[in-house]
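Chain residues, written in single-letter form:
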Amino acid sequence: MHAIFLEELEKLNKRFIDLGLQVSEQIYLATKSFIDHDRDLAKQVIETDQKINDRQIAIVEESLKLIALQQPVATDFRKIIAISNASTDLERLGDHAESIARETIRVKGEQRIIQIETEIEAMALQVRRMLEQVLEAYLRGDQDLARDIARLDTEVDRRHHQLYNLIVGAMKRDAKTVTADTSYLTVIRLLERIGDHIINVAEWVIYRETGKITELAFKEDNK
């Protein structure tokens, strides 16, 4: 009976990692569509979001089914809970990627600022690295690696702060870029929120390994 449980749990793990990889691709494509002003690519990201939602729902449903049918012991139970809850955070990453894609469509044709878009691209790369690291931590059950992600998130927060000031300054200098600047503020906030949800996934990795709820996110004043 336990062998069947382990087999089903392994399938859930694979589905979770596959979801994470697809979400990472969504973040990349959404940001690329925004930087390249590519409306067709943005539409592709928007259309794919429903598939991500469906995958996440399937993971939760399979998790509940596994709990009901196999009645796992405490250690195995928290593994399922971690998968189910972390998949919800991955789905939220997909939602934020979709929102970035929608910004691409909204500001298509408006005057843009190359310097700011270059910085946004770098910020997106940072959050994708965080996501890659948290998936690696999940695969390895590596608590130390999961904790390291909080340090990466401080860099994302700092970049957000710097970009915010840069964008507000651009708004004041040139009214013709206000529409694009408003969109920039939305996108960097979405990227920051992506970082926050990745931290949540890292916390679920630690919970899976220890059974303890751990707060990894902390404010700039405490860094």
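These notes cover the structure that comes with them. (Residues numbered from 1 in each chain as written. Predicted model: local features only at pLDDT ≥ 70, side-chain atom pairs only at ≥ 80, totals over all residues. Heavy atoms only, no water.)

Quick notes on the overall build of the protein
Moving on, step 1. Broken down by element type, the protein carries six helices and zero strands.
Moving on, step 2. Ordered by position from N to C terminus, the α and β elements of the protein give α-α-α-α-α-α.
Moving on, step 3. Against the compact-globule benchmark of 17 Å for 223 residues, the protein has a radius of gyration of 19 Å, which places it among compact chains.
Moving on, step 4. Along the three orthogonal principal directions, the C-alpha set of the protein runs to about 65 × 40 × 20 Å.
Moving on, step 5. Partitioning the intrachain contacts of the protein with sequence separation of at least 6 by distance along the chain shows that 83% fall at a separation of at least 24.
Moving on, step 6. Counting 32 positive and 40 negative side-chain charges, the protein places the averaged centre of each group 1 Å from the other. (Helix = DSSP H or I, 4+ residues; strand = E, 2+ residues; numbered from the N terminus. Rg over C-alpha atoms; globule rule 2.2 N^0.38 Å. Contact = heavy atoms within 4.5 Å. Lys, Arg positive; Asp, Glu negative; His and termini not counted. Charge placed at Lys NZ, Arg CZ, Asp CG, Glu CD.)

Overview of the nonpolar core
Note that soluble globular proteins tend to have their nonpolar side chains buried in a common cluster.
Moving on, step 1. The biggest cluster of nonpolar side chains holds 62 residues, and the ones touching the most others in it are Phe-16, Ile-120, Leu-131 and Leu-191.
Moving on, step 2. For this core, the secondary-structure elements that each account for two or more residues are helix H1 (2-36), helix H2 (39-70), helix H3 (74-106), helix H4 (114-140), helix H5 (143-173) and helix H6 (178-210).
Moving on, step 3. At 13 residues, H6 tops the list of elements feeding residues into this core.
Moving on, step 4. When neighbours within four sequence positions are excluded, Ile-120 is seen to be in contact with Phe-34, Ile-35, Leu-163, Tyr-184, Val-187, Ile-188 and Leu-191. (Core = buried A, V, L, I, M, F, W, Y, C linked by side-chain atoms within 4.5 Å. Buried < 20%, exposed > 50% of the residue type's maximum accessible area, 1.4 Å probe, protein only.)

A short note on the pattern of salt bridges
Moving on, step 1. Applying the stated rule across the entire model yields 16 salt bridges.
Moving on, step 2. For the salt bridge of Arg-102 with Glu-98, the shortest nitrogen-to-oxygen distance reads 2.9 Å. Taken together, the residues Arg-102 and Glu-98, both in helix H3 and four residues apart, mark about one turn of the helix.
Moving on, step 3. Relative accessible area serves as the criterion here: at 45%, Arg-102 is assigned to the partly exposed category.
Moving on, step 4. The buried category is assigned to Glu-98, whose relative accessible area is 15%.
Moving on, step 5. A single salt-bridge network, built from bridges that share partners, covers Glu-136, Arg-140 and Asp-142. (Salt bridge = Lys/Arg side-chain N within 4 Å of Asp/Glu carboxyl O.)

Observations concerning H2
Moving on, step 1. Look at H2: 47 Å from first C-alpha to last across 32 residues, which is about the 46 Å you get at 1.5 Å a residue.
Moving on, step 2. At the N-terminal end of H2, a side-chain oxygen is found 3.2 Å from the backbone nitrogen of Asp-40, two or three residues along, and the residue is Asp-38.
Moving on, step 3. Gln-71 occupies a position one or two residues after H2 and carries a positive phi of about 45°. (Expected span 1.5 Å × (residues − 1). Polar contact = N/O pair within 3.5 Å; in protein donor to acceptor, adjacent residues only side chain to side chain.)

So, the environment of Thr-186
Moving on, step 1. Residue position: Thr-186 is located in helix H6.
Moving on, step 2. Under the relative-accessibility criterion, Thr-186 is labelled partly exposed at 30%.
Moving on, step 3. Each C-alpha atom of the pair Thr-186 and Gly-94 lies 16 Å from the other, and the pair is 92 residues apart in sequence.

Observations concerning the side chain of Asp-95
Moving on, step 1. With respect to the helices and strands, the residue Asp-95 is situated in helix H3.
Moving on, step 2. You can call Asp-95 buried: its relative accessible area is 15%.
Moving on, step 3. Apart from residues no more than four positions distant in its own chain, Asp-95 is found in contact with Asp-49 and Asn-53.

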